[in-house]
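Observations on the three-dimensional arrangement
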Amino acid sequence: MGKLLISSTYLMLMGNILISSTYLMLILSCVESCFLLRSLYVIVPEIIPPGYQVAKVETVGCDAKSVQLTVKDPSFTIKSDGAVVALTSVSVGEGGRIFSVSAQDKSGRERKMEVHLVRSTMPKRHRRGRGSLNRSKRCFRVLPWQTIVENYEGSYPKLIERLGSYPSDRRYWYFIEGEGVDTYPTGVFSMDTDTGDLFLLKAVDREEFPEYDILMIVFDRHTNAELDEKIPLRVIVDDVNDNAPEFVGPLHFTVPEHCSAGTVVGVVSATDRDQIGTDHVKIEYTLVSGSDMFTIHPETGVITTTTNTLDRELKDNHVVTVKIQDMNGAPNGLFATSTATIALSDINDNPPTFMKSSYNITVQEDESEKLLLRIPVQDKDLINTSNWMSKFVITKGNENGNFRIVTDPQTNEGLLYISKPLDYEKTNDVQLQITAQNVASLNGSSATWQSIPVNVNVEKVDAVRAGLGQKIGLGILTRDPPTRRALTSPHTPTTFSQLFSQSPGREQQTARSVSFGLLGIMTILCPVILLLLLFLVLVFFCLKKREKLQLHDSGDIGGIPLKSNTEVPEDSMAWE
């Protein structure tokens, strides 16, 4: 008897295994064509209003363009996305309501699914320890969590786990809700209501949704009563290295020119969307180009200089190519490259240089506040900065403060002015020394400020004016052009000042004397000429007046008319 019982048990177990295998084979056979669950249990209210979405039918492996979904119950309709919607008000009795949905694609094979509508107003659940439906007596293989691999490249639907009882146990039906089912993102999981098989319907992305929290509900098939509490299930998505590292933040850095080797230029930052703590996010940094002057730390991404010869005046920007690769730089790691720009900031390592080595200028002894000279300079440093702006200093020859020098802000030239008149008798030549500096101090260079001499010749005012007066002397009018020598005596006075100085009894002037030039002479002669012309006009007027008076007097005495000089000869003969 015992052997018979053991044999019966063995046969039953083998039958269950055979049935399970057959079921799995049927499922796998459906993978290659349109797949639809055989049954779907949905909890609905007692009265379903029009427009209420009852359920959503998920198809797998069907041609989305050619698949046709139909519902057999006229109170419902099904949309192209699989949503089953009530057309009219539908009442659901205690026993529920059943209708079928069919799917058919271009393969021609039709799949059917039974939709079971279950009222939400159900009898009270059986409590633990009461009745025969104790949870410990059920064969639910529910684990604390389930795992799936993201971006699975196999066929769908993919069986994740059988969570229900054995196929021979037809006492229960199963229902799931939660993330990936009826809340965002929907359409990821489904469950066979008869067996409790949990299926993955499509590929998932761990970076978008790393885990899903689902609730499984078990119902008594005969009473539709919910058994015990809802069973929580967490589905965790395993990571694959499907994301290349990405650069974070700008790749623009600045470092001073001529900085020492090992100076930190900047830090390259990168991130990886894959799972933290795995090799998928371990990034290695390398320089593809620019390693002759810079280097990068493979783990931290810190860029430093390898030389102290960086010169902004030769090259102000350096472009290096940075490569970031996950899997800690392994050959199978994903990578990305980008260019980083390293700008060299300017330091004052170039003093201003003069365009000429010296200058000679002339100034009259009575001049003041006059611009005497513009002194241009060149500077290789960054324009319009304190390293480029010049500052001029008179370092020698200006002990009495007769000169001043300023900088033209537009041209960066030095402007030399005479600020106080010079005295020829005291000095007729001034030797200045002018030094060109910058607003900023020299840095990073062994060069020094440059200086140039400026020779200032002082002209005496009397000599200048005598030269102007000589141009109107009589000697200049008879000057011999080939020899440029005056034909008059060298002792002949040519200016009024010389006339005055040679007059008897007048002492030789040693101080500044009055000298008349061409303009002064014309100023004196013009009034005299005008007076002379006025005098001639008056004389002419008086003579005309006198002649008229004489002719008038001769007509009044009644004498014989005198012959007129204007008469023609014929008239005079007739008169006789």
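Parameters at a glance
Residues numbered from 1 in each chain as written. Predicted model: local features only at pLDDT ≥ 70, side-chain atom pairs only at ≥ 80, totals over all residues. Heavy atoms only, no water. 1 Å grid on protein atoms, 1.4 Å probe; cavity = no way out; pocket = protein on both sides within 12 Å on 5 of 7 lines; lining within 4 Å. Points joined across faces, edges and corners; volume = space filled by probe spheres on them. Helix = DSSP H or I, 4+ residues; strand = E, 2+ residues; numbered from the N terminus. Core = buried A, V, L, I, M, F, W, Y, C linked by side-chain atoms within 4.5 Å. Buried < 20%, exposed > 50% of the residue type's maximum accessible area, 1.4 Å probe, protein only. Contact = heavy atoms within 4.5 Å. pLDDT = per-residue confidence, 0-100. Phe/Tyr/Trp six-rings, centres within 6.5 Å; stacked < 30°, edge-to-face > 60°. Lys NZ or Arg CZ within 6 Å of the ring centre and 35° of its normal. Pairing = 2+ DSSP bridges. Axes fitted to C-alpha atoms, helices over the stretch in contact; angles between N-to-C directions. Lys, Arg positive; Asp, Glu negative; His and termini not counted. Salt bridge = Lys/Arg side-chain N within 4 Å of Asp/Glu carboxyl O. Polar contact = N/O pair within 3.5 Å; in protein donor to acceptor, adjacent residues only side chain to side chain. Patch = residues over 30% accessible without salt bridge, like charges linked within 9 Å, V, L, I, M, F, W, Y side chains within 5 Å. Areas by Shrake-Rupley, 256 points an atom, 1.4 Å probe, with all protein chains shown as cover.

Once that is clear, we can look at the layout of surface pockets. Here the largest pocket defines a volume of roughly 510 Å³. Along the wall of the largest pocket there are 24 residues; nearest its centre are Leu40, Ala55, Lys56, Val181 and Asp182. Mapped by element, the contributors of at least two residues to the lining of the largest pocket are strand 1 (39-44), strand 3 (53-56), strand 12 (172-178) and strand 13 (189-191).

Membership of the largest hydrophobic core comes to 52 residues, with the highest contact counts inside it found for Ile48, Val54, Phe76, Leu117, Phe189 and Leu198. Isoleucine 48 has contacts with Val54, Phe76, Ala86, Thr88, Ser89, Val90, Val92 and Leu117, leaving out every residue within four places of it along the chain. Judged by nonpolar contacts, the second largest core, of 23 residues, contains Phe354, Leu373, Val377 and Ala436.

Let's shift gears to the confidence of the model for the protein chain. Looking at the protein chain, pLDDT values average 78 and 74% of them are 70 or higher. A low-confidence stretch, residues 1-32 (pLDDT under 50), is modelled with 17 contacts involving residues beyond four sequence positions or located in other chains.

Quick look at the environment of valine 281 now. Checked against the element boundaries, valine 281 lands in the loop between strand 20 (269-271) and strand 21 (284-289). As for valine 281 and methionine 327, which are separated by 46 residues in sequence, their C-alpha atoms are 6.7 Å apart. Not counting residues up to four positions away in its chain, the partners in contact with valine 281 are Asp272, Asp274, Gln275 and Ile276.

The next point concerns the packing of aromatic side chains. In total, this model carries six aromatic pairs according to the counting rule given. For the pair phenylalanine 189 and tyrosine 212, a centre-to-centre distance of 5.1 Å together with 80° between the ring planes defines the contact as edge-to-face. Here the residue phenylalanine 189 occupies a position in strand 13, and tyrosine 212 occupies one in strand 15 (residues 211-220), the gap between them amounting to 23 residues. In this structure tyrosine 212 comes out as buried when scored by relative accessible area, which is 3%. Here the aromatic cluster, defined as three or more aromatic residues joined through ring pairs, consists of Tyr184, Phe189, Phe209 and Tyr212. Stacked on the ring of phenylalanine 335, the Lys or Arg lysine 323 has its end atom at 4.8 Å from the ring centre.

Along the chain, valine 204 turns up in the loop between strand 14 (197-200) and strand 15. Assessed through its relative accessible area of 5%, valine 204 is described here as buried. With sequence-adjacent residues up to four places away left out, valine 204 is seen in contact with Ile148, Val149, Glu150, Asn151, Val188, Tyr212 and Val237.

What follows covers the sheet that holds strand 31 (residues 403-407). Taken together, three strands build an open sheet; the order of strands is 28-32-31 and the sheet is antiparallel. Because the sheet does not close on itself, it has two edges, and the strands there are strand 28 (370-375) and strand 31. Between one strand axis and the next, the sheet turns through 25° on average, direction left out of account. Examined bridge by bridge, strand 28 and strand 32 (residues 414-418) share five bridges and lie antiparallel to one another. Counterpart to leucine 371 in the pairing with strand 32 is tyrosine 417.

With respect to the helices and strands, glutamate 150 occurs in the loop between strand 10 (145-149) and strand 11 (158-162). One buried charged residue, glutamate 150, remains without a salt bridge, the closest side chain of opposite sign being arginine 206 at 4.5 Å. A distance of 2.9 Å separates a polar side-chain atom of glutamate 150 from the backbone nitrogen of valine 240. The contacts of glutamate 150, once residues within four sequence positions are left out, are Val204, Asp205, Arg206, Glu207, Val237, Asp238, Asp239, Val240 and Asp242.

Another point: unusual backbone geometry. Residue proline 157 follows tyrosine 156 across a cis peptide bond; omega there is 5°. Mapping proline 157 onto the fold places it in the loop between strand 10 and strand 11. Not every positive phi belongs to a glycine, and asparagine 328 is a case in point at roughly 60°. Positionally, asparagine 328 belongs in the loop between strand 24 (317-325) and strand 25 (335-345). Under the relative-accessibility criterion, asparagine 328 is labelled partly exposed at 48%.

Attention now moves to the pattern of salt bridges. Under the criterion given, the structure shown has 17 salt bridges. Lysine 370 is paired through a salt bridge with glutamate 367; the nearest N and O atoms lie 3.0 Å apart. Between arginine 374 and glutamate 413 there is a salt bridge; the shortest N-O distance is 2.6 Å. Placement of the pair is arginine 374 in strand 28 and glutamate 413 in the loop between strand 31 and strand 32, with a sequence separation of 39 residues. Residue arginine 374 is classed as partly exposed on the basis of its relative accessible area, which comes to 39%.

Taken together, the side chains of Leu525, Ile529, Leu530, Leu532, Leu533, Phe535, Leu536, Val539 and Leu543 present a nonpolar region at the surface, about 880 Å² in accessible area. Along the chain, isoleucine 529 falls in helix 5 (residues 518-556). Among the residues examined, isoleucine 529 registers a relative accessible area of 47% and is labelled partly exposed.

Attention shifts here to the pairing of strand 4 (residues 68-71). Look at any regular strand and the pattern is simple: side chains alternate between the two faces of the sheet. Only one face of strand 4 is covered, namely the one carrying Leu69 and Val71; the face carrying Gln68 and Thr70 has none of its residues buried. Relative to strand 8 (residues 97-104), strand 4 is paired through four bridges, and the arrangement is antiparallel. Its bridge partner lying in strand 8, valine 71 is registered against valine 101.

In this section: the sheet that holds strand 34 (residues 450-459). Taken together, the four strands give an open sheet; going across it, the order is 27-34-33-30, and neighbouring strands pair in mixed fashion. The sheet is open, and its two edges are formed by strand 27 (359-364) and strand 30 (390-396), each paired on a single side. Direction aside, neighbouring strands of the sheet carry axes that sit 30° apart on average. Inspection of the sheet shows strand 27 paired to strand 34 by six bridges, in the parallel sense. Looking across to strand 34, one finds that tyrosine 359 is bridged to valine 454.

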